[in-house]
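Now for the letters of each chain:
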Amino acid sequence: IFSVNHFLAWLENNSIYSFETLDANLISSYLCSKHFQGRKASGVSTEIIGLRKFLIYLEDRDIVKNCHGACLSRCNTSKRIVTTYSDSQIDTLFKDLPHSFANLRNKAIFMLALKCGLRSCDIMNLKFDNIDFENKKLTIIQKKTKEPLSVPFDVEVSNALIDYILNERPESALPYIFLTVLGPVRKLTHTTSYRTTHHFNDEDKPQKGGLHILRRTYASKLLSFNIDVSSIAKSLGHK
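Rules behind the numbers
- Residues numbered from 1 in each chain as written.
- Predicted model: local features only at pLDDT ≥ 70, side-chain atom pairs only at ≥ 80, totals over all residues.
- Heavy atoms only, no water.
- Phe/Tyr/Trp six-rings, centres within 6.5 Å; stacked < 30°, edge-to-face > 60°.
- Helix = DSSP H or I, 4+ residues; strand = E, 2+ residues; numbered from the N terminus.
- Buried < 20%, exposed > 50% of the residue type's maximum accessible area, 1.4 Å probe, protein only.
- Lys NZ or Arg CZ within 6 Å of the ring centre and 35° of its normal.
- Contact = heavy atoms within 4.5 Å.
- Polar contact = N/O pair within 3.5 Å; in protein donor to acceptor, adjacent residues only side chain to side chain.
- Pairing = 2+ DSSP bridges.

Peer 1: How should the packing of aromatic side chains be read in this particular structure?
Peer 2: Two aromatic rings are characterised by how far apart their centres lie and by the angle between their planes. A complete count under the given rule lists eight aromatic pairs for this structure. A ring pair is formed by Phe-19 and Phe-54, whose centres lie 6.2 Å apart and whose planes are at 65°; its orientation type is edge-to-face. Taken together, the residues span a long stretch of sequence, with Phe-19 in the loop between helix 1 (2-13) and helix 2 (24-31) and Phe-54 in helix 3 (residues 41-60) at a distance of 35 residues. Using a relative accessible area of 16% as the deciding quantity, one classes Phe-54 as buried. The ring centre of Tyr-176 lies 4.9 Å from the NZ or CZ of Lys-187, which sits over that ring.

What follows is the structure in structure tokens.
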């Protein structure tokens, strides 16, 4: 509430009374205003996070277009190394788990995150209509940003999807690709069903086991191949 009140007051002081004119440039102007000057980095960061949540709330209700991405803390100077999987960890991840009820399903899910960079929410919402096997292309509306995204995929991804659909996917008229294997057949939603750490022994288990680490690995691989950052951002569905 504190963050939003200051932002709305700034808009009013600048004679802006409608959210229709709100865009990333306007947000950036606010973040460069006197309100943020001479303050501690932690306080600035907290306020910007609150503002970002408010903008996402407005975006989810189609009140404003995507502009929360402009909420970057210019005072945050900390750096960290992004966690990714090594080549040996990737090899371990794709080894067969013959006693798993979802061996082929999880392999296809991991492949989509690692080689297409898809978010877990978009993988879970993937439908047959989104996949063009002939041209090897995925076309979706991203759940997080509500923006369209078109991603190519290779033969390895294609084979993993086909293998799961033909040999392991339960028979169902549901349009979603990935379904549960235990209990009533329904769309897969529970992230614990496909956590990557299940594939590792305790001594070599990564600290993080969600699909997002594969999305990061995908982006890092592209960077290592000297792909420019703007192209990587576009392939990830980022602005």
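Read on, since the account is not over.
Peer 1: Just to check I follow, could you spell out the environment of Asp-96 for this structure?
Peer 2: Tracing the chain through its elements places Asp-96 in the loop between helix 4 (87-93) and helix 5 (103-116). Leaving out residues up to four positions away in the same chain, Asp-96 has contacts with Asn-103 and Lys-107. Engagement of the side chain of Asp-96 in a polar contact is seen with the side chain of Asn-103, the distance being 3.2 Å. Within the structure, Asp-96 has its side chain in polar contact with the side chain of Lys-107 (distance 2.4 Å).

Peer 1: Help me out: how do you make sense of the side chain of Glu-47 in this one?
Peer 2: In this fold, Glu-47 is placed in helix 3. Under the relative-accessibility criterion, Glu-47 is labelled buried at 2%. A distance of 3.5 Å separates the side chain of Glu-47 from the side chain of Tyr-30, its partner in a polar contact. If we ignore the near neighbours within four places in the chain, the residues touching Glu-47 are Phe-2, Ser-3, His-6, Tyr-30, His-35, Phe-36 and Arg-39.

Peer 1: Mind showing me how you'd approach the sheet that holds strand 3 (residues 148-152) here?
Peer 2: The pairing of strands in a sheet happens through backbone hydrogen bonds and is either parallel or antiparallel. One open sheet holds the three strands; their spatial order is 1-2-3, and the pairing between them is antiparallel. Of all strands in the sheet, those bounded by a partner on one side alone are strand 1 (131-132) and strand 3. Here strand 1 pairs with strand 2 (residues 137-141) via two bridges, running antiparallel. When the sheet's bridge partners are listed, Asp-132 is paired in strand 2 with Lys-137.

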